[in-house]
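Chain by chain, the residues run as shown.
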Amino acid sequence: MRNPQLLQRRARPRTSVPAIAQSAKPIDEDLVAFLENSTQHLAGLPTEQRQHTPALLDAHLATVTELLENGRYTRALGLRLHTLAASLSQTVAWHAFDLRRHTRASQSWVAGLHNAHAAGDHDMGAGLLGDLAYQAAWRHDHTTAANILSYALASRPESRRPLPAAIAPGPHPRRTRRPQ
């Protein structure tokens, strides 16, 4: 079983440069901008083209993870990388959800949640919790969905607006139909 404190520690943005990272090459802001722009482009492709993107999204996420773990960067750039990792994790999770790979989807949403926390992006975190609750409701596990939403509302009362949309009746904003 994974240690939650270790996961949280890994997801925290760096405030100082450890000795081991001093030998790492600095991360160029242009590389991060490229990854942000290409990720946005891949995620925005029409539905019929998305079948060709999972490997590219996985590679982008692996690259961002590698940069976070082994790169040298400023706090501001670290926050951008964590935000990008959260966004990529969310997109990868929805792809997995669409392919009925629910364990992978859950793992990706949780990884995204850790990165959103590290970036201090509470709205992204609320969205990811909403996605997890939506998946639980989709799988007819309404108790888990309610527990996730209750936790989210108790932790961040100001996040009430984005959360209920995740389990509202009707199509999800990211979904057009339920897989057969």
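What you see is a predicted model, and the numbers here were worked out from it, not measured in a lab. (Residues numbered from 1 in each chain as written. Predicted model: local features only at pLDDT ≥ 70, side-chain atom pairs only at ≥ 80, totals over all residues. Heavy atoms only, no water.)

Enquirer: What is the right way to read the pattern of salt bridges from this model?
Expert: Overall, the coordinates contain three salt bridges when judged by the stated rule. The closest approach of N and O atoms between Arg104 and Asp58, which form a salt bridge, is 2.9 Å. Linking Arg104 in helix α6 (residues 102–119) with Asp58 in helix α4 (residues 54–70), this pair joins segments that are 46 residues apart in sequence. Residue classification places Asp58 among the partly exposed positions, given a relative accessible area of 30%. Ionic contacts of the salt-bridge type, sharing partners, join the residues Glu29, Glu36 and Arg80 into one network. (Salt bridge = Lys/Arg side-chain N within 4 Å of Asp/Glu carboxyl O. Helix = DSSP H or I, 4+ residues; strand = E, 2+ residues; numbered from the N terminus. Buried < 20%, exposed > 50% of the residue type's maximum accessible area, 1.4 Å probe, protein only.)

Enquirer: Honestly, unusual backbone geometry in this entry has me stumped. Any pointers?
Expert: Among all residues except glycine, the phi angle is most often negative; among peptide bonds, the trans geometry is most common. The phi dihedral of Arg100 is positive, around 65°, even though this residue is not glycine. Inspection of the secondary structure assignment puts Arg100 in the loop between α5 (75–98) and α6.

Enquirer: What is the right way to read the packing of helix α3 (residues 29–43) against α4 from this model?
Expert: Packed helix pairs are characterised by how far apart their axes lie and by the angle those axes make with each other. In the contact formed by α3 and α4, the axes pass within 11 Å of each other and the chain directions differ by 155°. Relative to α4, the element α3 is oriented roughly antiparallel. When you trace α3 past α4, the crossing you get is left-handed. Here Leu31, Leu35, Ser38, Thr39 and Leu42 of α3 lie close against α4, whose contacting residues are Leu56, Leu57, His60, Thr63, Val64 and Leu67. Partitioned by chemical class, the residues of the contact of α3 with α4 number seven nonpolar, four polar and no charged. (Axes fitted to C-alpha atoms, helices over the stretch in contact; angles between N-to-C directions. Parallel < 35°, antiparallel > 145°, perpendicular 65-115°, else oblique. Left-handed = near helix turned anticlockwise from the far one by under 90°. Contact = heavy atoms within 4.5 Å. Nonpolar A, V, L, I, M, F, W, Y, C, P; charged D, E, K, R; others polar.)

Enquirer: Help me understand the side chain of Gln135 in this model?
Expert: Take Gln135: it is sitting in helix α7 (residues 122–138). Under the relative-accessibility criterion, Gln135 is labelled buried at 4%. Setting aside residues up to four positions removed in sequence, Gln135 forms contacts with Phe97, His102, Ala105, Ser106 and Trp109.

Enquirer: Please clarify how the packing of aromatic side chains should be interpreted in this entry.
Expert: Two aromatic rings, taken as a pair, are described by how far apart their centres are and by the angle between their planes. Inspection of the entire model under this criterion finds seven aromatic pairs. A centroid spacing of 5.1 Å and a plane angle of 70° characterise the contact between Trp94 and Phe97, whose relative ring orientation is edge-to-face. Here the residue Trp94 and the residue Phe97 both occupy positions in helix α5, the gap between them amounting to three residues, near one helical turn. Exposure remark for Trp94: the relative accessible area of 7% places this residue in the buried category. The interplanar angle of 75° and the centroid separation of 5.3 Å between the aromatic rings of Phe97 and Trp138 together place this pair among those described as edge-to-face. Pair noted here: Phe97 is in helix α5 and Trp138 is in helix α7, with a separation of 41 residues, a long-range link. As far as the burial class goes, Phe97 and Trp138 line up, both buried. An aromatic cluster of three or more residues is present, and its members are Trp94, Phe97, Trp109, Tyr134 and Trp138. (Phe/Tyr/Trp six-rings, centres within 6.5 Å; stacked < 30°, edge-to-face > 60°.)

Enquirer: Even after reading the chapter, I still don't get α5, so can you show me in this structure?
Expert: Residues spaced three or four apart along an α-helix face the same direction, because each turn holds 3.6 residues. For α5, with 24 residues, the first-to-last C-alpha span of 35 Å sits near the 34 Å given by 1.5 Å per residue. In terms of burial, α5 is a largely internal element, 17 of the 24 residues being buried. Following α5 by one or two positions, Arg100 has its phi on the positive side, about 65°. (Expected span 1.5 Å × (residues − 1).)

Enquirer: Just checking my understanding: could you explain the nonpolar core for this structure?
Expert: Formed by 21 residues in total, the largest nonpolar core has its most connected members in Phe97, Ala105 and Trp109. Residue assignment for this core shows that the elements contributing at least two residues are α5, α6, α7 and α8 (142–155). Per-element accounting of this core gives the leading share, nine residues, to α7. Look past the residues within four positions of Ala105 in its chain and what remains in contact with it is Ala93, Ala96, Phe97 and Gln135. Listed in part, the 17 residues of the second largest apolar core include Leu35, Leu57, Val64 and Leu88. (Core = buried A, V, L, I, M, F, W, Y, C linked by side-chain atoms within 4.5 Å.)

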